[in-house]
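Each chain is listed here by its residues.
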Amino acid sequence: MDEQKKTNFYVATAIPYVNAKPHIGNAMDYMLADTLARYHRSLGDNVYFQVGSDEHGNKIAARAAEAGKTPQEYTDSMVPAFHEMLTALNISYTDFVRTTEQRHEAAAQTIWRQLEPYIYKGTYQGWYCVGCESFVTNKQATANNGVCPDHNQPYVQLSEENYYFKLSAFTEQVKLALESNMIKIEPEFRKKEILNLIKDGLDDISISRPRKNLSWGIPVPGDDGHVMYVWFEALINYVSILGYPDSDLYRQFWPADVQVVGKDILRFHAAIWPAMLIGIGAPLPRKLLVHGFVNVAGAKMSKTVGNVVDPIEIATQYGVDAFRYFFLRHIPTLDDGDFTWEKFETAYNNELGNELGNLVQRVSSMIIRYQNGLVGVLDPAVHDTMAYHAAMVELRLNDAFGEAWSMVRQLNVYLEEVKPWQVAKGGEAEAGHLSEILSYAAGSLVHIAELLAPFMPATAESIKTSFSADIVQPTAALFPKIFNHTQDPRAAKPVAVTAPAVPPTPPINNG
Ligand SMILES: [Zn+2]
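Residues numbered from 1 in each chain as written. Predicted model: local features only at pLDDT ≥ 70, side-chain atom pairs only at ≥ 80, totals over all residues. Heavy atoms only, no water.

1. Examining the pairing of strand S1 (residues 8-13)
- Burial analysis of S1 places five of its six residues in the buried class, which makes it a mostly covered element.
- The pairing of S1 with strand S2 (residues 46-53) spans five bridges and is parallel. For Val11, the partnering residue across the bridge sits in S2 and is Phe49.
- Where the polypeptide runs from S1 across helix H1 (residues 24-42) and back to S2, its parallel neighbour, the crossover connection is right-handed.
- Direction of pairing for S1 relative to strand S14 (residues 258-262): parallel, over a ladder of three bridges. Looking across to S14, one finds that Val11 is bridged to Val258. (Buried < 20%, exposed > 50% of the residue type's maximum accessible area, 1.4 Å probe, protein only. Helix = DSSP H or I, 4+ residues; strand = E, 2+ residues; numbered from the N terminus. Pairing = 2+ DSSP bridges. Right-handed = clockwise from strand over helix to strand, strands pointing away.)

Here it is as structure tokens:
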């Protein structure tokens, strides 16, 4: 134990339900958590970064049946796509937990037993679709005029014996935890939202289904006739991955420092999960980072509309760091954001290409041209990073990214002002001055790269490598121009050298 004590940092992501391929929401979870994980590693913290998959329930069983597979075969076939996305987006996770793994099922059953003082049997009555094998709310039943749209079959009234979790018993403790910021919800308006939702108290919730109506789930301990409701046991993944209840990892890393969740699952993470933890006597997570949705040109992404953006497609076309750049900087961390191909490509060409790529290229070629590639002693180039670190701590990752980016812009302005290419014309007499300028520029770039590293790890590494040796290491051009969705300004210039023989066809007027 001589080793200097490090701070532990545990960041967790919501686990996706594997009945569909991974989407942009999953990518946001992964990238936000990855940025925090990388940032905390750079501070010297011991970081644990969880990811995983949610694999039980009727929907999975139904999909498996359609595909002619067992549920386990089906989830086995779906999980690799999530691993592919994690790799494609350069996500530095520690471990991946599947809710079908023995370690998870064991932890879920342990927690069920620990919660038994708050679990009772009751009868659930409501509308039910036999085809879906699931209950629907009154609201849904009314909205669908009493007929299941998937099965074209009228809903029936069914009563079912379920186990209930006495969530109501935890209302005051959960409220207190949220109000006192024991669990700090970022952003603040989400905290108000959840407090408003629970102001009249929490209702008890059904946490099991009879096995005859739901077979694909974790057995309720001591009652073979029931399995756990999928979302109830899925929440347990945050501790099952650590080996709850008796493991060094659990003791070392729980409670989570940050749980990253989408706004649609706030209630599960800010009310139900804390109640479960209080019920088992475990500490509460310290912070919830609640991110919004990514819209496309102001509209919700939807398969029926056909405006779904595929993260892997973007990362493949423009590079993983370009993908991370846009979604971590131009999508607000704590609110909804908007994607269009035009916005994306403009940011790619103007910001990544011009502001950063050209800057690196310029400094590197001046060092080669004026100093035979000798980098010299790097100016430590200390920039004020207070706002950057403050934004990181407050989970405004896009603002932290913006702070680092403003240093990129300042360095461009600096070079335009001091004009090293002019200074170079002064020859021997100006050599000292010139080398000071280039040392400052190279030193700044290395410092900026450190600040960019949690967001764009590969780019940051390549910048650091370029300027951290005695001789500048030229790298391939960063972010070469792409014009798939926008107009190349060079091509837009009129080329009037030879007039076309045939006048262009006038646009067809349909009006
Ligand atoms: Zn149905």
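2. A closer look at the nonpolar core
- Membership of the largest hydrophobic core comes to 94 residues, with the highest contact counts inside it found for Phe327 and Phe467.
- Those residues within four positions of Phe467 in sequence are excluded, and the remaining contacts are Val360, Val363, Ser364, Ile367, Val375, Leu378, Ala442, Leu445, Val446 and Val472.
- Ile111, Leu167, Ile236 and Ala270 belong to the second largest nonpolar core, which has 55 residues in total. (Core = buried A, V, L, I, M, F, W, Y, C linked by side-chain atoms within 4.5 Å. Contact = heavy atoms within 4.5 Å.)

3. Quick notes on the packing of helix H13 (residues 320-330) against helix H14 (residues 341-371)
- Across the interface, H13 lies against H14 with an axial gap of 10 Å and an inter-helix angle of 105°. Taken together, the axis directions place H13 and H14 in an arrangement best described as roughly perpendicular. Contact residues: Ala322, Phe323, Tyr325, Phe326, Arg329 and His330 in H13; Lys343, Phe344, Ala347, Tyr348, Glu351 and Leu352 in H14.
- Along the lines of polarity and charge, the residues of the contact of H13 with H14 split into eight nonpolar, one polar and three charged. (Axes fitted to C-alpha atoms, helices over the stretch in contact; angles between N-to-C directions. Parallel < 35°, antiparallel > 145°, perpendicular 65-115°, else oblique. Nonpolar A, V, L, I, M, F, W, Y, C, P; charged D, E, K, R; others polar.)

4. Considering helix H15 (residues 386-393)
- Listed in full, the buried residues belonging to H15 are Tyr388, Ala391 and Met392. Here the buried residues of H15 occupy an arc of 100° about the axis, which is enough to place them on one side.
- Against the buried residues of H15 lie H1, helix H16 (397-418) and helix H18 (431-452).
- At the C-terminal side of H15, Leu395 shows a positive phi close to 65°. (Arc of directions from axis to C-beta.)

5. Description of the packing of aromatic side chains
- Enumeration over the complete set of coordinates arrives at 35 aromatic pairs.
- Between the aromatic rings of Tyr229 and Trp231, the centroid separation amounts to 6.1 Å while the plane-to-plane angle is 35°, which identifies the pairing as tilted.
- Residue Tyr229 is classed as partly exposed on the basis of its relative accessible area of 23%.
- On the basis of relative accessible area, Trp231 is assigned to the partly exposed category, the value being 21%. (Phe/Tyr/Trp six-rings, centres within 6.5 Å; stacked < 30°, edge-to-face > 60°.)

6. Considering the side chain of Arg329
- In this structure, Arg329 sits in helix H13.
- The exposure class of Arg329 is buried, given its relative accessible area of 16%.
- The residues touching Arg329, leaving out its near neighbours within four places in the chain, are Arg324, Glu351, Asn398, Phe401, Gly402, Trp405 and Arg409.

7. Regarding the pattern of salt bridges
- Applying the stated criterion across every chain, the model contains 25 salt bridges.
- Measuring nitrogen to oxygen at the nearest pair gives 3.7 Å for the salt bridge that ties Lys121 to Glu161. Residue Lys121 is located in strand S4 (residues 119-129), and its partner Glu161 is located in strand S8 (residues 156-165); the two are separated by 40 residues in the primary sequence.
- Overall, Lys121 belongs to the partly exposed group, its relative accessible area being 40%.
- Its salt-bridge partner being Glu355, residue Arg409 comes within 2.9 Å of it at the nearest N-O pair. Of this pair, Arg409 sits in helix H16 while Glu355 sits in helix H14, and the two are 54 residues apart along the sequence.
- The exposure class assigned to Arg409 is partly exposed, which follows from its relative accessible area of 34%.
- When salt bridges with common partners are traced through the structure, they connect Asp34, Arg38 and Arg324 into a single cluster. (Salt bridge = Lys/Arg side-chain N within 4 Å of Asp/Glu carboxyl O.)

8. Points about the sheet that holds strand S11 (residues 208-210)
- The strand order across the open sheet built from three strands is S11-S13-S12, with neighbouring strands paired in antiparallel fashion. Each edge of the sheet is formed by a strand with only one pairing partner; in this case those strands are S11 and strand S12 (219-220).
- Note that S11 and strand S13 (residues 223-228) share three bridges and pair antiparallel. Among the inter-strand pairings, Pro210 is bridged to a residue of S13, identified as His226.
- Sheet strands in contact with helix H4 (residues 102-114) are S11, S12 and S13, and its direction is about 105° off that of S13.

9. Topic: the environment of Ile236
- Looking at where Ile236 falls in the secondary structure, it is placed in the loop between helix H8 (230-234) and helix H9 (237-240).
- Residues Ile236 and His433 lie 197 residues apart in sequence; the distance between their C-alpha atoms is 61 Å.
- Here Ile236 is in contact with His104, Ala107, Ala108, Ile111, Trp273 and Met276, once residues within four sequence places are set aside.

10. Remarks on the sheet that holds strand S9 (residues 184-186)
- Pairing in this open sheet of six strands is parallel, and the strands run S3-S2-S1-S14-S15-S9 from one edge to the other. Every other strand in the sheet has two partners, leaving strand S3 (95-98) and S9 as the edge strands with one partner each. If you compare each strand with its neighbour and ignore which way they point, the axes differ by 20° on average.
- Its contacts with the sheet place helix H3 (residues 71-88) against S2 and S3, and it is angled at close to 155° to S3.

11. Points about unusual backbone geometry
- With an omega of 0°, the peptide bond between Glu186 and Pro187 qualifies as cis.
- In this structure, Pro245 follows Tyr244 across a cis peptide bond, with omega equal to 5°.
- Checked against the element boundaries, Pro245 lands in the loop between H9 and helix H10 (248-253).
- For Asn145, which is not a glycine, the phi torsion comes out positive at approximately 55°.
- Within the chain, Phe479 stands out as a residue other than glycine whose phi angle is a positive 55°.

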